[in-house]
Amino acid sequence: MLNQTMLYETQVLEGRQKIARVTARQLKNIPIQPPPFRDVPDKEGALLLQIETDDGVVGWSTSGYTHPIVVDLINKHITPRILGEDPFRTERIPMLFDRHTYERPLGRALVSALAMIDIALWDIKGKTVGRPVHHLLGGARDRVPVYVTHGAAYDGAPVYSAEELAAEAAHIASLGITHLKNTVGRQAVPDPDDDYRRMKAMREAVGPDVKLSMDGNLRMSIDQALRLCKLCEELDISILEEPIHYNEPANLAYLRTQTNIAIAAAENEKFSARDLLVAGAVDIIQPNVNNDGGYSAGLRTATLARAFNIPLGHGNGNGPHNIALHAGVANGGMVEYHFHKWMAYNAIFKQVPQPVAGGFLDVSQQPGLGLEPKDGLIEEYEVK
Ligand SMILES: [Mg+2]
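Calculation criteria
- Throughout this document, residue positions are counted from 1 along each chain, in the order its sequence is written.
- Reporting of local features is limited, given that this is a predicted model, to residues whose pLDDT is at least 70; pairs of side-chain atoms are given and counted only at 80 or more, and all residues count toward the totals for whole chains, interfaces and linings.
- For side-chain calculations, the full set of non-hydrogen atoms in the structure is used, while hydrogens and water are omitted.
- By the criteria applied, helices consist of DSSP H or I runs no shorter than four residues and strands consist of E runs no shorter than two, each listed in order from the N terminus.
- Within these notes, the globule rule equals 2.2 Å times the number of residues to the 0.38 power, and the radius of gyration is based on C-alpha atoms.
- Note on contacts: a residue pair is in contact if any heavy atoms of the two residues lie within 4.5 Å.
- Positive residues here are Lys and Arg, negative ones are Asp and Glu, while His and the chain termini are left out of the count.
- To locate a charge, take atom NZ for lysine, CZ for arginine, CG for aspartate or CD for glutamate.
- DSSP-based pairing: two strands are paired if at least 2 bridges between them are found.
- Angular values range over 0 to 180 degrees, each being the angle between N-to-C directions of two axes fitted as lines to C-alpha atoms, with helices fitted over their stretch in contact.
- Type-normalised accessible area, obtained with a 1.4 Å probe on protein chains alone, sets the label of each residue: buried when under 20%, exposed when over 50%, and partly exposed for intermediate values.
- Identification of polar contacts relies on pairs of N or O atoms within 3.5 Å, with a donor-acceptor requirement for protein atoms, meaning one able to donate a hydrogen and the other able to accept it, and with residues adjacent in sequence counted only if both atoms are side-chain atoms.
- Note on donors: an N, O or S atom is included if it sits within 2.8 Å of the metal, or within 3.2 Å for Na, K and Ca, and water is never included, so sites can look incomplete.
- Side-chain rings of Phe, Tyr and Trp (the six-membered ring for Trp) are treated as a pair once their centres are within 6.5 Å; stacked means planes under 30 degrees apart, edge-to-face means over 60, and tilted covers the remaining angles.
- Ring-over charges, as used throughout, are those where CZ of Arg or NZ of Lys falls within 6 Å of the ring centre and within 35 degrees of the ring normal.
- Crossing chirality is assigned from the near helix's rotation relative to the far helix, an anticlockwise turn below a right angle marking it left-handed and a clockwise turn marking it right-handed.
- Three residue categories are used. Nonpolar comprises Ala, Val, Leu, Ile, Met, Phe, Trp, Tyr, Cys and Pro, charged comprises Asp, Glu, Lys and Arg, and polar comprises the others, including Gly.
- The domain boundaries here were taken from an automatic or database domain assignment.
- The salt bridge criterion pairs a side-chain nitrogen of Lys or Arg with a carboxyl oxygen of Asp or Glu, the two atoms within 4 Å.
- The patches reported here contain residues having more than 30% relative accessible area and no salt bridge. Joining distances are 9 Å for like charges and 5 Å for nonpolar side chains (Val, Leu, Ile, Met, Phe, Trp, Tyr).
- Here the Shrake-Rupley method, with its probe set to 1.4 Å, supplies the accessible areas, and only the displayed protein chains count as covering residues.
- For classification, angles of less than 35 degrees are called roughly parallel, those exceeding 145 degrees roughly antiparallel, those between 65 and 115 degrees roughly perpendicular, and all remaining angles oblique.

Chemist: Quick one: what's the story with the overall build of the protein chain, residue by residue and with numbers?
Modeler: Counting its regular elements, the protein chain contains 13 helices and 11 strands. For 384 residues, the compact-globule estimate of 2.2 N^0.38 gives 21 Å, and the C-alpha radius of gyration of the protein chain, at 21 Å, lies within 12% of that figure. The principal-axis extents of the C-alpha atoms in the protein chain amount to approximately 60 × 55 × 35 Å. Across the protein chain, every contact between residues at least 6 apart in sequence was considered, and the portion connecting residues at least 24 apart equals 73%. Charged side chains of the protein chain number 38 positive and 47 negative; the gap between the two group centres comes to 3 Å.

Chemist: Can you tell me about the sheet that holds strand β1 (residues 19-32), naming the residues and giving the values?
Modeler: Taken together, three strands build an open sheet; the order of strands is β1-β2-β3 and the sheet is antiparallel. The strands lining the two open edges of the sheet, one partner per strand, are β1 and β3 (58-62). Taking each pair of neighbouring strands and ignoring which way they run, the sheet shows an average axis angle of 20°. The pairing of strand β2 (residues 42-53) with β3 spans five bridges and is classified as antiparallel. Within β3, the residue paired with L48 across the bridge is T62. Strand contacts of helix α1 (residues 69-82): β1 and β2, with the helix running at about 165° to β1, the strand carrying the most contacts.

Chemist: Residues and numbers for the side chain of H314, please.
Modeler: With respect to the secondary-structure elements, H314 resides in the loop between α10 (294-307) and α11 (319-328). Among the residues examined, H314 registers a relative accessible area of 1% and is labelled buried. A polar contact is formed between the side chain of H314 and the side chain of N322, at a distance of 3.3 Å. Setting aside anything within four residues of it in sequence, one finds H314 in contact with Y147, Q286, P287, N288, G319, N322, H326, M334, V335 and E336.

Chemist: How would you explain the environment of S112 if you had to name every residue and give the values?
Modeler: Secondary-structure assignment places S112 in helix α3 (residues 106-129). Sequence separation of S112 and V289 is 177 residues, and the distance between their C-alpha atoms is 9.3 Å.

Chemist: Can you explain the coordination of the magnesium ion? Please cite residues and give values.
Modeler: Tetrahedral coordination by four donors sets the ideal angle at the metal to 109.5 degrees; octahedral coordination by six donors sets it to 90 or 180 degrees. For the magnesium ion, every protein donor is listed as D215 (OD), E241 (OE) and E267 (OE), and the spread of their distances is 2.0 to 2.2 Å. Each donor residue of the magnesium ion belongs to the same chain, with the gaps between them written as D-x25-E-x25-E. With E241 in strand β7 (residues 237-241) and E267 in the loop between β8 (262-265) and α9 (273-278), the pair connects residues that are 26 residues apart, well separated along the chain. For the pair shown, E241 and E267 are each scored as buried.

Chemist: I'd like a description of the packing of aromatic side chains, backed by residues and values.
Modeler: Per the stated rule, a full pass over the model turns up three aromatic pairs. Residues F339 and W342 carry aromatic rings whose centres are separated by 5.5 Å and whose planes lie at 75° to one another, so their mutual orientation is edge-to-face. One end of the pair is F339 and the other is W342, both in helix α12 (residues 339-348) and three residues apart, which spans about a single turn. Owing to a relative accessible area of 8%, W342 belongs among the buried residues under this scheme. Among the aromatic side chains, those forming a connected cluster through ring pairs are Y337, F339 and W342. In this structure, K125 is placed above the aromatic ring of W122, and the distance from its NZ or CZ to the ring centre is 3.7 Å.

Chemist: Describe the packing of helix α5 (residues 162-174) against helix α6 (residues 192-206), listing the residues and the values that go with them.
Modeler: The relative placement of two packed helices is expressed as an angle between their axes plus a distance between the axes. Closest axis-to-axis distance for the α5/α6 pair is 8 Å, and the angle between their directions is 35°. α6 is crossed by α5, and the crossing has right-handed handedness. Taken together, the residues of α6 that come into contact with α5 (itself represented by A162, L165, A166, A169, A170 and A173) are R198, A201, M202, A205 and V206. Among the residues making up the contact of α5 with α6, the classes are represented as 10 nonpolar, no polar and one charged.

Chemist: Go over the domain arrangement of the protein chain, please, and point to the residues and values.
Modeler: Accessible area lost upon the coming together of the parts is a frequently used measure of interface size. Assigned domains of the protein chain: these are domain 1 (4-130 + 375-381) and domain 2 (135-362). The distance between the C-alpha centroids of domain 1 and domain 2 comes to 25 Å. Residue-level contacts link 34 residues of domain 1 with 32 residues of domain 2. Applying the counting rule to domain 1 against domain 2 returns three salt bridges.

Chemist: Before we move on, could you go through a nonpolar patch on the surface and cite the residues and values that matter?
Modeler: Together, F88, V129 and L136 make up a nonpolar patch on the protein surface, roughly 220 Å² of accessible area in all. Judged by relative accessible area, F88 falls into the partly exposed class, the value being 32%.

Chemist: How would you explain the side chain of Q17 if you had to name every residue and give the values?
Modeler: Residue placement: Q17 occurs in the segment before β1. Engagement of the side chain of Q17 in a polar contact is seen with the side chain of D55, the distance being 3.1 Å. For Q17, the side chain forms a polar contact with the side chain of T128, separated by 3.0 Å. Once residues lying within four places of it in the same chain are set aside, the contact partners of Q17 are T53, D54, D55, V57, E85, D86, P87, F88, I124 and T128.

Chemist: Quick rundown of the packing of α6 against helix α7 (residues 222-232)? Include the residues and the values.
Modeler: Packing of α6 against α7 leaves a shortest axis separation of 9 Å and a crossing angle of 30°. Classed by the angle they form, the pair α6 and α7 counts as roughly parallel. Crossing of α6 against α7: the hand is right-handed. Mapping the contact onto sequence places P192, D193, D195, Y196 and M199 in α6 and Q224, R227, L228, L231 and C232 in α7. Residue composition of the contact of α6 with α7, grouped by class: six nonpolar, one polar and three charged.

Printed below as a string of structure tokens:
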């Protein structure tokens with residue numbers, strides 16, 4: 001009997017357009033606007049992928065995983081295999097590498113590299129047919145809700161005191177942002193009581209009308225997460241994201257029965273979206289196109305989640321690249337703008353959708369993604 005899953009490299013008909021050039025680059029030390037109340041120079045790096053077709057269409061993308069191994073992987077190993085391929089055939093490209101995705105430790109780098117390629121190819125598809133990518137994904141809406149994560153809790157940055165956190169929350173809310181998120185569990189040993197005090201300071205600073213959420217980034221035990229939920233319920237917290245080690249589905253499902261705070265996960269995937277959905281582990285599922293397979297994988301997760309009547313959300317620094325998915329599919333949801341990464345996107349790309357009053361982003365109507373790097377950026381910041 002024919003095994004359909006083994007049809008990796010069968011003959012295909014010639015496409016109309018071909019991938020002609022693929023260039024991955026590492027950028028470093030790009031100056032960005034520092035967070036409010038921290039008037040110190042701030043810099044950020046990024047990986048940037050450029051794919052050009054034989055008829056002159058150029059697609060761009062970035063990665064959620066910024067280790068330079070992704071650059072080498074694309075330039076030395078992936079590019080020779082995909083040159084000459086048709087950029088519209090985005091289900092075919094990862095099939096050329098499927099067998100390698102099981103080879104750890106290459107796993108995360110390869111998945112990130114294939115996600116970058118997928119995103120740039122969807123940019124090319126949109127530019128080729130003259131339509132924004134969210135239309136190609138289904139075109140459910142032209143405006144998506146946004147929430148802003150702040151608190152300088154990215155790697156290497158000093159952790160804010162509760163007072164600084166509260167002052168920054170009030171400032172960002174005053175810009176018209178209606179939903180804020182802060183990271184929790186970041187103490188040497190996660191401390192729910194300390195996090196409760198920090199979230200309470202935020203709630204008192206912004207009042208009852210701004211929504212507040214928390215992101216545990218996989219750092220807590222089930223007991224720590226339970227205590228945090230119990231303490232924070234009186235603060236009217238909307239969402240707790242990825243509280244528990246490894247996103248263990250059984251633990252998340254149990255936590256969900258013990259709290260009225262919505263549980264979200266899947267940005268950092270060890271267990272698949274399928275496992276989380278089947279276990280009843282989440283109220284919101286969070287594919288991230290930059291970490292996991294691009295828009296092609298995002299579409300699959302959206303379809304799967306719809307069968308469980310679970311909406312999508314987003315939790316990661318790559319907000320501007322995730323807008324098209326949430327605008328495209330019917331069960332799309334909120335996009336995250338992580339303050340630091342938001343400023344990095346503003347420094348790297350010419351036109352980045354900015355939050356408007358009421359807490360929304362207007363989706364780019366440009367052909368493709370509408371995310372074009374600034375002139376001179378590559379020449380100035382590329383690591384040679
Ligand atoms: Mg997160």
